[in-house]
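Results of the structural survey
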Amino acid sequence: MRKLLFESLIRPPLTERPPAASDAAVDQLARALDGAARKWLGRSLSIRAVDAGSCNGCELEMHALNNAFYDIERFGIRFVASPRHADVLLVTGPVAKNMREALKRTYDATPNPKWVVALGDCGRDGGCFAGSYAVVGGVSEVLPVDLHIPGCPPSPIEILKGLLALLERVNAKTAAPRG
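Residues numbered from 1 in each chain as written. Predicted model: local features only at pLDDT ≥ 70, side-chain atom pairs only at ≥ 80, totals over all residues. Heavy atoms only, no water.

**Quick look at the nonpolar core**
Core analysis: the biggest nonpolar cluster contains 29 residues, and Leu33, Ile47, Val88 and Val117 have the highest contact counts within it. For this core, the secondary-structure elements that each account for two or more residues are helix H2 (23–41), helix H3 (57–63), strand S3 (88–92), strand S5 (115–119), strand S7 (147–149) and helix H6 (156–175). Counting residues per element, this core draws most heavily on H6, at 8 residues. With near-sequence residues (within four places) excluded, Val88 lies in contact with Leu45, Ser46, Ile47, Arg48, Trp115, Val117, Leu163 and Leu166. Within the second largest apolar cluster, 12 residues are counted, among which are Ala52, Leu103, Val142 and Leu143. (Core = buried A, V, L, I, M, F, W, Y, C linked by side-chain atoms within 4.5 Å. Buried < 20%, exposed > 50% of the residue type's maximum accessible area, 1.4 Å probe, protein only. Helix = DSSP H or I, 4+ residues; strand = E, 2+ residues; numbered from the N terminus. Contact = heavy atoms within 4.5 Å.)

Right, here's the structure in full:
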């Protein structure tokens, strides 16, 4: 034990290199997302994360948005604990049969306007879990999906780009003349 302690004091820590994206790119993307949310909603964007039966790969990338590197809360984008406070339901994983009803109830509890984003390949069509006896399928089998962010898992930058695309699409729909 003593030998391990002394070796750990001498060796440098094993750490990973930071993501390749520059701070300026992340800042610019997050500011654009916050600006679009404030333009459309008049306030910041609130996200409710829902794990419908995933392997947690997408959750790790999604929660990385709150770490010190990305820190999206500084731009007003926040994750909320209740669907009653959310604008966006960010659903990960294939929908397990046991989660179908809970996902529907979460959707029903979310006030309008609300959007559903399927995160990752499993959220699109069930991914590698498709066809399993325990899986209903992708999120669109249970809820109307407004946007799909591809990847297994998608990076935090891709998640930010997807949320920005969602708000831009919503703004374009409301700006277009009806009739």
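More follows now that the structure is in view.
**Side note on the pattern of salt bridges**
For the structure on display, the rule yields 4 salt bridges. The salt bridge involving Arg124 is made with Asp125; its shortest N-O contact spans 3.6 Å. Given a relative accessible area of 39%, Asp125 falls into the partly exposed group. (Salt bridge = Lys/Arg side-chain N within 4 Å of Asp/Glu carboxyl O.)

**With respect to unusual backbone geometry**
Of note, the amide linkage connecting Asn112 to Pro113 takes the cis form, showing an omega dihedral of -5 degrees. Turning to its location among the elements, Pro113 is positioned in the loop between helix H4 (100–109) and S5. Residue Pro153 is bonded to the preceding Cys152 through a cis peptide linkage, with omega at -15 degrees. Examined against the element boundaries, Pro153 turns out to sit in the loop between S7 and H6. The backbone phi angle of Asn56 is positive, close to 80 degrees, even though this residue is not glycine. As for its placement among the helices and strands, Asn56 is situated in the loop between strand S1 (46–51) and H3. Even without a glycine there, the phi angle at Asp71 is positive, about 40 degrees.

**Topic: a nonpolar patch on the surface**
Taken together, the side chains of Leu5, Phe6, Leu9 and Ile10 make up a nonpolar region of the molecular surface, amounting to roughly 470 Å² of accessible area. Its place among the elements puts Leu9 in helix H1 (residues 2–10). The class of Leu9 is exposed, set by a relative accessible area of 63%. (Patch = residues over 30% accessible without salt bridge, like charges linked within 9 Å, V, L, I, M, F, W, Y side chains within 5 Å. Areas by Shrake-Rupley, 256 points an atom, 1.4 Å probe, with all protein chains shown as cover.)

All we've got here are geometric facts, nothing functional implied.
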